[in-house]
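Single-letter residue listing:
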Amino acid sequence: MWRKTYMRNRKYLAMVPLLAGAAFMASVGVSAAEAKYTIGISNTVQGNGWREEMICAMKAQALASGEVTKLNIAHRNTDAAGQLEDIRNLISAKVNAIVVNPADPAGIKSALEEATKAGIVVVAVDQAVTEPSAYIISNNQEQYAYLGAKWLFQQIGGKGDVVYMRGAAGASADSDRDKGFKKALAEFPDVKVVHEVFTGWQQDQAKQQILDFIATGTPVNGIWTSGIDNVIVDALVESQTPLVPVVGADNAGFVGQLNSVEGLVGAAVTNPGSIGGAGVTLALQILNGKKPAEQTVLVEPQLWENATEEGKAKLKGAADPSLSPEWPVSISIPDWTTYTKEQIVACKGPGE
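For clarity, every value in this text was computed on a predicted model and none was experimentally measured.

Enquirer: How would you summarise the state of the cysteines if you had to cite specific residues and measurements?
Expert: The bond known as a disulfide is covalent and runs between the sulfur atoms of two cysteines. The full count for this structure, using the stated rule, is one disulfide. For C56, the disulfide goes to C347, at an S-S distance of 2.0 Å. Its S-S torsion of approximately -90 degrees makes the covalent link between C56 and C347 left-handed. Placement of C56 in helix α3 (residues 49–65) and of C347 in the segment after α13 (341–346) is noted, with a sequence separation of 291 residues between them.

Enquirer: Run through the environment of Q208, naming residues and quoting values.
Expert: Secondary-structure assignment places Q208 in helix α8 (residues 203–215). For Q208 and T69, which are 139 residues apart along the polypeptide, the C-alpha to C-alpha distance reads 43 Å.

Enquirer: Quick one: what's the story with the sheet that holds strand β5 (residues 135–139), residue by residue and with numbers?
Expert: The pairing of strands in a sheet happens through backbone hydrogen bonds and is either parallel or antiparallel. Strand order in the open sheet made by the six strands is β2-β1-β3-β4-β5-β11, with parallel pairing throughout. Edge strands, defined here as strands with exactly one partner in the open sheet, are β2 (68–75) and β11 (296–299). Each strand axis lies, on average, 15 degrees off the axis of its neighbour in the sheet, ignoring direction. The strands touched by α3 within the sheet are β1 (37–43), β2, β3 (97–100), β4 (121–125) and β5, with β2 carrying the most contacts at an inclination of about 165 degrees. In the packing of helix α11 (residues 275–287) onto the sheet, contacts are made with β1, β2, β3, β4, β5 and β11, and the angle to β4 comes to roughly 160 degrees.

Enquirer: Mind laying out the packing of aromatic side chains, listing which residues take part and the relevant values?
Expert: Going through the model one piece at a time under the given rule, you end up with six aromatic pairs. Where F153 meets F188, the ring centres are 5.7 Å apart and the plane angle is 65 degrees; that geometry is what we call edge-to-face. Taken as a pair, F153 in helix α6 (residues 141–155) and F188 in the loop between α7 (172–186) and β7 (191–198) lie far apart in primary sequence, 35 residues in all. For F153, a relative accessible area of 0% corresponds to the buried category. Through successive ring pairs, a cluster of aromatic residues spans Y144, F153, Y164, F181, F188 and W224.

Enquirer: Can you explain the sheet that holds strand β6 (residues 160–166)? Please cite residues and give values.
Expert: One open sheet accounts for six strands, arranged β7-β6-β8-β9-β10-β12; its pairing is mixed. The outermost strands of the open sheet, each flanked by one partner alone, are β7 and β12 (303–305). Direction aside, the axes of adjacent strands within the sheet are offset by 20 degrees on average. Two elements, strand β10 (residues 266–269) and β12, share three bridges in a ladder whose sense is antiparallel. Paired with V269 across the bridge in β12 is L303.

Enquirer: Can you explain helix α5 (residues 109–117)? Please cite residues and give values.
Expert: All buried positions along α5 are accounted for by A111, L112 and A115. Mapping the buried residues of α5 onto a view down its axis gives an arc of 100 degrees, with all of them on the same face. Looking at the buried residues of α5, the elements they touch are α4 (80–92), β3 and β4. Note on α5: the residue one or two positions beyond its end, G119, has a positive phi of about 85 degrees.

Enquirer: Residue-level account of helix α9 (residues 230–238), with values.
Expert: Within the span of α9, buried status applies to N230, V231, I232, V233, A235 and L236. Contact partners of the buried residues in α9: β6, α8, β8 (222–225), β9 (246–249) and α10 (252–260). Positioned one or two residues after α9, Q240 has a phi angle of 55 degrees, which is positive.

Rules of the game
Residues numbered from 1 in each chain as written. Predicted model: local features only at pLDDT ≥ 70, side-chain atom pairs only at ≥ 80, totals over all residues. Heavy atoms only, no water. Disulfide = S-S within 2.5 Å. Helix = DSSP H or I, 4+ residues; strand = E, 2+ residues; numbered from the N terminus. Pairing = 2+ DSSP bridges. Axes fitted to C-alpha atoms, helices over the stretch in contact; angles between N-to-C directions. Contact = heavy atoms within 4.5 Å. Phe/Tyr/Trp six-rings, centres within 6.5 Å; stacked < 30°, edge-to-face > 60°. Buried < 20%, exposed > 50% of the residue type's maximum accessible area, 1.4 Å probe, protein only. Arc of directions from axis to C-beta.

Have a look at this one:
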């Protein structure tokens, strides 16, 4: 469903800056006294830096818009069943819109359908959902994986053994990244995956997993991670294991390592947690009668690597040591977010 929608969106994506810009012009003159919407938020992963940035971006954009009186936030570690409960509670609270990062694309379909029937705008961020009435704004997860994996396989000379460190089993973002990874793998038949593991996008878990693998003594030529990256480099350094090329996301800690760890070769693929703020913007656009032409909008990733001088320059320019190591350095998305750095870092929504 996602890929078919993506192909239909190519024409629409060219219009995104115009649509978003119109929404921003409309919101600039709105005073706090004119704020009129309550937005519900549902997220099922807590304690993960990317998700925390996503929540802060939602708060910051709601505040910056001047159109939101209150955020009703369900932010906890749970599964699809728990998220169903959370979404139904938001429906009962009569919010105007629900912005959701889905635990399972199909597992929450019934609740999203109920929300739409209740007149509530539904926007899924970061991952696709199967409910056709929901709008989706997401980083292009398949392309995210493809770019990083292809770079890694080229970097190791088109042959060798790699570790494949995935995200959360069942999450649609992980499934889409798996498609992208395997697309690249098919182009390099002499590259073999010698170890595949689900990290759950949890830092401590991922670090222990790579340490356990290192303890086996199995040689490896490269490591691809689904955004759990700086702790993998930490594990290699702390265990005095020879460094191999590592692919991760644009997290501040990993970007810093790519700039500073001697002998480390790697690439960061952008995957901004600020997509949460973009989801709030899209919800407000729809509430204000500015529905997009298509249901899905994808934000295309970039790859920054430190194997070339040009890549090193991009990484140096992107680095932001003032951010939490687990936060992506892409704290805003052009044409979709209007808050300041101070606002997203403060992580305060309307009324807080």
